[in-house]
Amino acid sequence: MATTARSSTKLLGDAGEHYALSQFSFAGKYAAKMPDNWEAYDLAVETGSGLVRVSVKTRSESEGWKTSRWFNFDDRKQCDWVVLIFKPNTGTVRSWIMPYVVAKAHANVPGPDRKSAWFRDLSWSRLNKLPLSAFENNWSLVDNPHERQSSSSAPAGV
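Residues numbered from 1 in each chain as written. Predicted model: local features only at pLDDT ≥ 70, side-chain atom pairs only at ≥ 80, totals over all residues. Heavy atoms only, no water.

As for the layout of surface pockets
(1) Moving on: The calculated volume of the largest pocket comes to roughly 780 Å³.
(2) Moving on: Looking at the largest pocket, it is lined by 32 residues, and the ones nearest its centre are Glu17, Asp42, Ser55, Val56 and Lys57.
(3) Moving on: Within the residue set of the lining of the largest pocket, elements represented by two or more residues are helix 1 (8–26), strand 3 (51–60) and strand 4 (70–74).
(4) Moving on: Examining the composition of the lining of the largest pocket, we find that 6 residues originate from one element, helix 1, more than from any other.
(5) Moving on: A class-by-class count of the residues in the lining of the largest pocket yields 15 nonpolar, 6 polar and 11 charged. (1 Å grid on protein atoms, 1.4 Å probe; cavity = no way out; pocket = protein on both sides within 12 Å on 5 of 7 lines; lining within 4 Å. Points joined across faces, edges and corners; volume = space filled by probe spheres on them. Helix = DSSP H or I, 4+ residues; strand = E, 2+ residues; numbered from the N terminus. Nonpolar A, V, L, I, M, F, W, Y, C, P; charged D, E, K, R; others polar.)

Points about the pattern of salt bridges
(1) Moving on: Tallied over the full model, the rule gives 9 salt bridges.
(2) Moving on: With its nearest N and O atoms 2.9 Å apart, the salt bridge here joins lysine 10 to aspartate 14. On the criterion of helical spacing, the pair formed by lysine 10 and aspartate 14 is a turn pair, its members being 4 residues apart in helix 1.
(3) Moving on: Its relative accessible area of 30% is what places lysine 10 among the partly exposed residues.
(4) Moving on: The salt bridge involving arginine 53 is made with aspartate 80; its shortest N-O contact spans 3.1 Å. (Salt bridge = Lys/Arg side-chain N within 4 Å of Asp/Glu carboxyl O. Buried < 20%, exposed > 50% of the residue type's maximum accessible area, 1.4 Å probe, protein only.)

Looking at the packing of aromatic side chains
Two numbers describe a pair of aromatic rings. These are the distance of the centres and the angle of the planes.
(1) Moving on: This model, assessed by the stated rule, comprises 7 aromatic pairs.
(2) Moving on: Taking the centre distance of 6.0 Å and the plane angle of 70° together, the rings of phenylalanine 73 and tyrosine 100 count as edge-to-face. Within this pair, whereas phenylalanine 73 is found in strand 4, its partner tyrosine 100 is found in helix 3 (residues 100–106), the two being separated by 27 residues in sequence. Considered together, phenylalanine 73 and tyrosine 100 belong to a single accessibility category, that of buried residues.
(3) Moving on: Taken together, Tyr19, Phe24 and Trp139 form an aromatic cluster joined through their ring pairs. (Phe/Tyr/Trp six-rings, centres within 6.5 Å; stacked < 30°, edge-to-face > 60°.)

Digging into the sheet that holds strand 5 (residues 81–87)
Strand pairing in a sheet is mediated by backbone hydrogen bonds. Such pairs are either parallel or antiparallel.
(1) Moving on: Spatially, 5 strands are ordered 1-2-3-5-6 in an open sheet, and the strand pairing comes out mixed. Each edge of the sheet is formed by a strand with only one pairing partner; in this case those strands are strand 1 (31–33) and strand 6 (94–99). Adjacent strand axes in the sheet meet at a mean angle of 25° when their direction is disregarded.
(2) Moving on: Both strand 3 and strand 5 contribute to a ladder of 7 bridges, which runs parallel. Looking across to strand 5, one finds that threonine 58 is bridged to isoleucine 85.
(3) Moving on: Contacting strand 1, strand 2 (43–46), strand 3, strand 5 and strand 6, helix 1 crosses the sheet at an angle of about 130° to strand 3. (Pairing = 2+ DSSP bridges. Axes fitted to C-alpha atoms, helices over the stretch in contact; angles between N-to-C directions. Contact = heavy atoms within 4.5 Å.)

Remarks on the side chain of aspartate 121
(1) Moving on: Its place among the elements puts aspartate 121 in strand 7 (residues 119–123).
(2) Moving on: Of the polar contacts made by the side chain of aspartate 121, one reaches the side chain of arginine 114; its length is 3.1 Å.
(3) Moving on: Ignoring sequence-local partners within four residues, the contact set of aspartate 121 consists of Trp70, Phe71, Asn72, Ala107, Asn108 and Arg114. (Polar contact = N/O pair within 3.5 Å; in protein donor to acceptor, adjacent residues only side chain to side chain.)

Describing unusual backbone geometry
(1) Moving on: The omega angle of the peptide bond from leucine 130 to proline 131 is 10°, so this bond is cis rather than trans.
(2) Moving on: Assignment of secondary structure puts proline 131 in the loop between helix 4 (124–127) and helix 5 (145–151).
(3) Moving on: If you check the backbone angles, alanine 40 has positive phi at about 85° while not being a glycine.
(4) Moving on: Along the polypeptide, alanine 40 turns up in the loop between strand 1 and strand 2.
(5) Moving on: A positive phi is found at asparagine 137, a non-glycine position, where the angle reads about 60°.
(6) Moving on: On the secondary structure map, asparagine 137 appears in the loop between helix 4 and helix 5.
(7) Moving on: Judged by relative accessible area, which is 25%, asparagine 137 ranks as partly exposed.

Below, the structure written as structure tokens:
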């Protein structure tokens, strides 16, 4: 059976979705991948109090990444949670799992001259500082992990 070549961005996106599925499963959450081209979100995850819609955004280290250290998302596509996955050339994959409202609140607001006013950018530097850094490896879907960190000495995430 012959296979067709997929673009490297499609392959990276698929890998990110499957990585997120496995991490949610390891965290004890039932999760399912939505069909390709499903509008607004990539995964459905059972939280114990219902299903949540999860959008997965995956980036890898590249020349483009070095000049533009951002995760991008479309704020017209509503979901409940956002998973941001970064695959470095060497080392461990890093992930931030946060409520969509948190990602939107900390993303850049497009200026009046921006052609795509719905296009949001979340910077690498913001992900590595509080409060967003507390969402790293938050596969248990804790709404406010920074509160948990300040009230406990245990590490956050899985």
